[in-house]
Structure formats: C-alpha cells, structure tokens
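# Structure assessment
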Amino acid sequence: MSRPDRGTRAMHQALPPALRDAVDDFAEHLSRVRNRSAHTVRAYVTDLVSLLDHAVRMGCVDLAELDLSVLRSWLARQRTTGAARTSLARRAASARAFSAWAHRSGLLPADVGAALASPRAHRELPSVLRADQAAALVEAPSRQAPPTNPARTDPTLTNQAGADAEPTDTAAGPASGGAEAAEAVPLRDRVLLELLYATGVRVSEACGLDVGDVDHGRRVIRVFGKGGRERSVPYGVPAQRTLDDWLRRGRPAMVGARSGDALLLGARGGRLNPTTARQIVGAYAEAAGLPRTSPHDLRHSAATHLLEGGADLRAVQELLGHSSLASTQIYTHVSVERLRAAYRQAHPRA
C-alpha cells in the first residue's frame, strides 16, 4: 500500500482483515494495472479507508454488506464536518472507482457505487500571472542574491531532509561540494523556473526529467505524464540558454554518487523532489514581490498566455498533456475574464 498519513494508517490497521486486504489489493490495482501515481494512490487509499471505517461503525463487518445507503451516509457525514464540494466530489469518485473494481473482482455482488451521486464541484478559475510577472519570476535567480538561509528554498541543504524528501535527495553530497555547489544552486533554480513556464509541465514531470530527455537540436523535452503517457514539449531560446548554462557549469558542481541521469538535482546530489521545487518557486515569488505562486500557477500562466497569443486550443491540450479538451477549456474562460477586467478598467462606459 502507498504511504498514507499516520491517521489513515491507524484506521487501516483497525479495519477487519478482509477489508484491510481489499484496500491493499485496490491500491495495488491502481498502481500496477492503472499506472496511477503514488500521490493519486495515496488519495484513493485515504478516501477508501475513511469509507470502510465508517462502514464498520455502521455495522458492516463484511465487504459484501456495503451498500448505497452506507456510501450516502459516509458522504453526508463528510459534508456535516465541513468538507468542500470539491472534496466531496473527489471522495464520491473514489467510492465509485472502488465499488466498480470490487464488483469486477467478485468482492461485491453489485456495483453499488454506480448510482452514487456527488455534488458538482465549483470550478474556480486558476491563478494566473501577467506576462511581465512571469518574466520577473523566471529571471529572479539571476537578479537577486541567493537567500541568506538557503534551506528556505532548498531543504536538502539542511542536515536532515524533510519528511517529504525523496531518498535520492538525501544522498551523499555533491562531488565538487562547497562554494561551487552553492553557486550552482541559482543556476538550477533558473532552469527549473524557465522550464516550468516555457513548457507548462507539471512540477513532478519537471523533476522527473533525465538529461537524455532533452533534445537540444529540436528544442523539445520528452515528458512522461499522468498514466505514463509520453509527449514531446517544445521550449524556447531563453530556456535553451539556461539549460546550456546549467549543464555546463551548474550540474557538474552538484552531481553526486546518487545523481544518476537526473536533469535537476537537489543540494545533496540526488534528484530534485517536487516538494523542494514548490518551495523554490514560492520563495522566489515572495522575494520578487509577486503574489503567492506555485509551479502549477506557472503552468496555468503558460497555458493562458499561449491562448492569448493565438495558440490553438488543441495544441495547448497536447502541450499540457490533458487527456480531455474540457480540462484545457478552462483557460479560455480565464482569458475572457481578463478581457472583461481590462474592459471594466479602461472603457469609459464599462
């Protein structure tokens, strides 16, 4: 089973053996058959353990006793404890996915979750930087001095990595070490920011890049997205310059025994992990006086700026790796809202 939090682990251990085994088998199915990410598996497992814990409290000691009334009661309880509509929608989806799998596996006599309705999640427009703000953020590592406390932007510089650090991020220090590695950190930060904005890739995809995934001649990177789907994403000349600089001067100073082929490295020489990357983006945004910004905000910004510049919606869908065009269409609404805001601000009869 994927590593859930302590509360979920305790509830999981308290379940009857048959229910506990069902959780583990479902997690294995999601990971190996459906090829879901570790993060997705953790989310499903957390929801499922909560559901089965509720079922046991209602007197269900056998999985075959799980019915629609239990599922509805569980969602109702979530709502009374203040769960947001988006959370309820996700938990209902988890329950339906488990019910369908359990029925196919012969653990449930019927797919009881098929009739489970969930509230329609209110979809908020994503946070988007202006083009000048995105440029200021991307160029921040070159303009501002490294933070006085480097651990703030790179926890791998501390003696003990955080709980979310990848094992490779706590490996033996860089081969060159010392001042050279410290000087390489801003180069790493610049290439991280450039790639996130230039390509619109997810932070996990950026951190998963290997040196061999970069095609310098065609200026594209090979990305493995959700479900292991591979796509090629182009990048521009500024990103090419920062990549060349990083590979020539930065990465050799940070490389260590556990670096492998990883393109982006943590301060201890292992592959840069997404948690650290999020902290890097947030710290530079704060130092540059920008709104609170995450790597996903840079992804949103890249997509919105592409559409505003006249890019085709399906081309943006392909670039972002969305399986459905509906996921990409939200950026058209963002562009319309920005147009409306500009109209209200500038037109004398707005």
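Look a little higher up for the structure.
One structure accompanies this document, and this report is about it. (Residues numbered from 1 in each chain as written. Predicted model: local features only at pLDDT ≥ 70, side-chain atom pairs only at ≥ 80, totals over all residues. Heavy atoms only, no water.)

## Let's talk about a positive patch on the surface
- On the surface, Arg34, Arg36, Arg104, Lys226 and Arg229 cluster together into a patch of positive charge.
- As for its placement among the helices and strands, lysine 226 is situated in the loop between strand E2 (220–224) and strand E3 (230–234). (Patch = residues over 30% accessible without salt bridge, like charges linked within 9 Å, V, L, I, M, F, W, Y side chains within 5 Å. Areas by Shrake-Rupley, 256 points an atom, 1.4 Å probe, with all protein chains shown as cover. Salt bridge = Lys/Arg side-chain N within 4 Å of Asp/Glu carboxyl O. Lys, Arg positive; Asp, Glu negative; His and termini not counted. Charge placed at Lys NZ, Arg CZ, Asp CG, Glu CD. Helix = DSSP H or I, 4+ residues; strand = E, 2+ residues; numbered from the N terminus.)

## Quick notes on the pairing of E3
- Burial of the side chains of E3 is restricted to one face: Arg231 and Val233 are buried, whereas none of Glu230, Ser232 and Pro234 on the reverse face is.
- Direction of pairing for E2 relative to E3: antiparallel, over a ladder of five bridges. By the bridge assignment for E3, phenylalanine 224 is matched with glutamate 230.
- Hairpin connection from E2 to E3: five residues lie between these consecutive antiparallel strands, with glycine 227 at a positive phi of about 70°. (Buried < 20%, exposed > 50% of the residue type's maximum accessible area, 1.4 Å probe, protein only. Pairing = 2+ DSSP bridges.)

## Topic: the pattern of salt bridges
- One pass over the full model with this rule turns up 14 salt bridges.
- Arginine 190 is paired through a salt bridge with glutamate 194; the nearest N and O atoms lie 3.1 Å apart. You can see arginine 190 and its partner glutamate 194 sitting in helix H7 (residues 178–199), four residues apart, about one turn around the helix. Glutamate 194 carries the same exposure label as arginine 190, and that label is buried.
- Taken together, the shared-partner salt bridges connect Asp47, Arg90 and Arg91 into one network.

## Some words on the sheet that holds E2
- One open sheet holds the three strands; their spatial order is E1-E2-E3, and the pairing between them is antiparallel. The outermost strands of the open sheet, each flanked by one partner alone, are strand E1 (214–215) and E3.
- Sheet topology note: the E1/E2 ladder contains two bridges and is antiparallel. In the strand pairing of E2, aspartate 215 is matched with valine 220.

Read these as layout, nothing more, since geometry by itself doesn't imply function.
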